[in-house]
Amino acid sequence: MYYKTSQEHEALRAAIREWAEREIKPIAFMLDQNNQFPGEQIRDFAQRGYMGLPYPTEYGGAGKDILSYAIAVEELSRVDGGTGVILSAHVSLGSYPIFAFGTEEQKQKYLVPLAKGEKIGAFGLTEPNAGSDAGGTETTAELVGDYYILNGEKIFITNGGEADTYVVFAVTTPGIGTRGISAFIVEKGWKGFTFGDHYDKMGIRSSATAQLLFNNVKVPRENLLGKEGQGFKVAMSTLDGGRIGIAAQALGIAQGAYEAAVEYAKEREQFGAPIAQLQAIQFKVAEMATKIRAARFMVYSAAELKEHHEPYGMEAAMAKKYASDICLEVVNDALQVFGGNGYLKGMEVERAYRDAKICTIYEGTNEIQNVVIASYILGKAAKAAPAAPGVKKKNPITGPRKKMILSDGSAKERVEQLVQCLKEDGHDFSVGIDIDTPIIAAERVVSAGKGIGSKENMKLIEDLAKAAGAAVGSSRPVAEQLQYVPLNRYVGMSGQKFSGNLYIACGISGATQHLKGIKEAATIVAINTNPNAPIFKNADYGIVGDVNEILPLLTAALDTGKPKEPAPPMVKMKRAVIEEPQPAPVGRYVCLGCGYEYIPENGDEDAEVRPGTSYKDLPEDWVCPECGEEKANFIPA
Ligand code: CAA
């Protein structure tokens, strides 16, 4: 087999390389340092018709093939891995599902502006409990009249916040696993749809990555993408193609680092000659070039298979896995060629080294790629039967909690009720610790989230901490971005872990990373204006209200009027034992006429009974689809 790209492909490569060298290369270090999205440059790139390369011209695209798109991602990534994934996530993940599964109206409304590059697209699949196990999706979409009401959160979303159009996956039929998931097109700006902070990442820092938060977002019924229950398949087949994009990104990052190393090896002199003359360096160069060539064949071949509508899922997974694995090896060798110089910030190989790692993680870890590849070769691995409808129930991140939202009476009465509950639980507010006590050693912490507002309001936190005999803590953004407290006071997965007796979260929404830092707390109290903030599901007590109103009331209610006695050594309190309600029995029913078995997980498509409908909820006029027997003539199986 003789393989070579066409002249047209190489002309496109040259054009995109020239653009990336001119527009991105000079600012790549700045974007990296500032965690900055190259908005202006992406608009310019879009005007050149590159944001919709593989989509037909009638939908606003450039009408090129998948290989052209892969080359474009490769060339951007050769200069900056973050810019490469902006294109990849936009084309493969944000636009493709609409192209492949959208109705004509949806394509006209959403795909055309995406393919023209007037809008940016993103893909909302990953959640705190649904990473590699994408079927564990917990975001819900409930059909009410003409709208689906969307609630939940998505994490690590590429182009999050910068994108205009989001393909979002949510459970429409709970309890039936992947077949209960549906896909929706959601627009930025809709009421209740907000973004968390951009993540502070190790690499690809020019690409925006954010959390998506859905609080009763009304999604018009016509924005259902594909059929109800088809969402998981939409996601999986989208990811098949997306993996070609990530493979191309890895290839480009490797190519950029390799070229830099070769150039440096020719100019850097040691022992009286360029280091390129040393066999140790020559072998590294030979290894790098060989791996890159093999990866390129795999990436381009997967792209060609997709282009020709041949099966390509396994080949895309192999290309993604191989290209990202060798990318790590190549950037490592390239940096080694640079020696100490390569270790300095601002050096391209240093950035490539950090950018490379994500390619083995996102769009399915390389371990998941192995699962996919093996399933093509050996068939799908057997797995446990899905839980019966309604049975599968996950605990919140902080474990079972009382979740007692105090809602009776005025704000003052609710605060008094809270103090009463805390005292009954055994918290003694006549003693206390210093507000500067290290979080790890603190028995109590009062923490501020971004909901605290301006810096002056930190006085409310300090006053409350003193009245509660607690130390002051915060969420990460309050310490890192707002700098209201030193970095060593933020609580969370990457910060300080709190394992004392009382944690009072003020204006903290409850991002997963924060919750992981407080899961050992004996009692968690949440004060937040948003009743749907995740912190409430992870707290023992909650008051829905404004910190400006609640905190002074709570401070007054806890203030004994006397200085606190020094707290004795902490005795860890026991957490409340929560009895979870047992789910109502839901089961199969058998027709006495013909033996047909009604299975709630499947519903009855012909009679328009949705999957997940229990026998009891079947319409009274429903009859056996096999023999016409009435509903009353069914018995439990
Ligand atoms: N295409 C179409 N349908 C597919 C499919 C595919 N490639 N793969 C599976 N399906 C279908 C199956 O046929 C099955 O259908 P039936 O119910 O009709 O039988 C259904 O989907 C469920 O399949 P599985 O039982 O195999 O599903 P699973 O729960 O075992 O999951 C998995 C399989 C491969 C592990 C999958 O969960 C997976 O790919 N996980 C990784 C998720 C991932 O890649 N996330 C990336 C997030 S996006 C991202 O990272 C973007 C970014 O930042 C740039």
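Residues numbered from 1 in each chain as written. Predicted model: local features only at pLDDT ≥ 70, side-chain atom pairs only at ≥ 80, totals over all residues. Heavy atoms only, no water.

Caption draft 1: Structural view of the pairing of strand S15 (residues 502-506). Most of S15 sits out of view: five of its five residues are buried. Of the two faces of S15, both are covered, the one formed by Leu502, Ile504 and Cys506 as well as the one formed by Tyr503 and Ala505. For S15 and strand S16 (residues 523-528), the ladder comprises five bridges, and the chain directions are parallel. Looking at the pairing, isoleucine 504 lines up with valine 525 of S16. (Buried < 20%, exposed > 50% of the residue type's maximum accessible area, 1.4 Å probe, protein only. Helix = DSSP H or I, 4+ residues; strand = E, 2+ residues; numbered from the N terminus. Pairing = 2+ DSSP bridges.)

Caption draft 2: Examining the packing of helix H5 (residues 81-101) against helix H7 (residues 231-267) more closely. One way to put it is that H5 packs onto H7 with a least axis distance of 9 Å and a crossing angle of 160°. By the angle between their axes, H5 is roughly antiparallel relative to H7. Crossing geometry of H5 relative to H7 is assigned as right-handed. Contacts from Gly81, Val85, Ser88, Ser92, Leu93, Tyr96, Pro97 and Phe101 in H5 reach Val234, Ser237, Thr238, Leu239, Gly241, Gly242, Gly245, Ile246, Gln249 and Ile253 in H7. Counted by class, the contact of H5 with H7 contains nine nonpolar, nine polar and no charged residues. (Axes fitted to C-alpha atoms, helices over the stretch in contact; angles between N-to-C directions. Parallel < 35°, antiparallel > 145°, perpendicular 65-115°, else oblique. Left-handed = near helix turned anticlockwise from the far one by under 90°. Contact = heavy atoms within 4.5 Å. Nonpolar A, V, L, I, M, F, W, Y, C, P; charged D, E, K, R; others polar.)

Caption draft 3: Summary view of unusual backbone geometry. Phi at asparagine 159 is positive, roughly 70°, even though this residue is not glycine. Note that asparagine 159 resides in the loop between strand S3 (147-158) and strand S4 (165-171).

Caption draft 4: Looking closely at the environment of glutamine 7. With respect to the helices, strands and loops of the structure, glutamine 7 is situated in helix H1 (residues 7-24). By relative accessible area, which is 74% here, glutamine 7 ends up exposed. Along the chain, glutamine 7 and glutamine 496 lie 489 residues apart, while their C-alpha atoms are 56 Å from each other.

Caption draft 5: Representation of the nonpolar core in the model. In this structure, Leu87, Leu150, Phe169, Val186 and Val299 are the most contacted members of the largest nonpolar core, which totals 111 residues. Tallying contributions element by element places H7 first for this core, with 18 residues. When near neighbours in sequence (up to four residues on either side) are disregarded, valine 299 contacts Ile244, Ala247, Ala248, Leu251, Ala319 and Ala323. (Core = buried A, V, L, I, M, F, W, Y, C linked by side-chain atoms within 4.5 Å.)

Caption draft 6: Spotlight on the pattern of salt bridges. Tallied over the full model, the rule gives 34 salt bridges. For aspartate 200, the salt bridge identified is with arginine 476, shortest N-O distance 3.6 Å. Here aspartate 200, found in the loop between strand S6 (193-195) and strand S7 (209-220), pairs with arginine 476, found in helix H14 (residues 476-480); they are 276 residues apart in sequence, far enough to count as distant. Aspartate 200 sits in the partly exposed class, given a relative accessible area of 38%. By relative accessible area, which is 29% here, arginine 476 ends up partly exposed. Salt bridges sharing partners connect three or more residues here, namely Asp32, Asp200, Arg205, Glu350, Arg354, Arg476 and Glu480. (Salt bridge = Lys/Arg side-chain N within 4 Å of Asp/Glu carboxyl O.)

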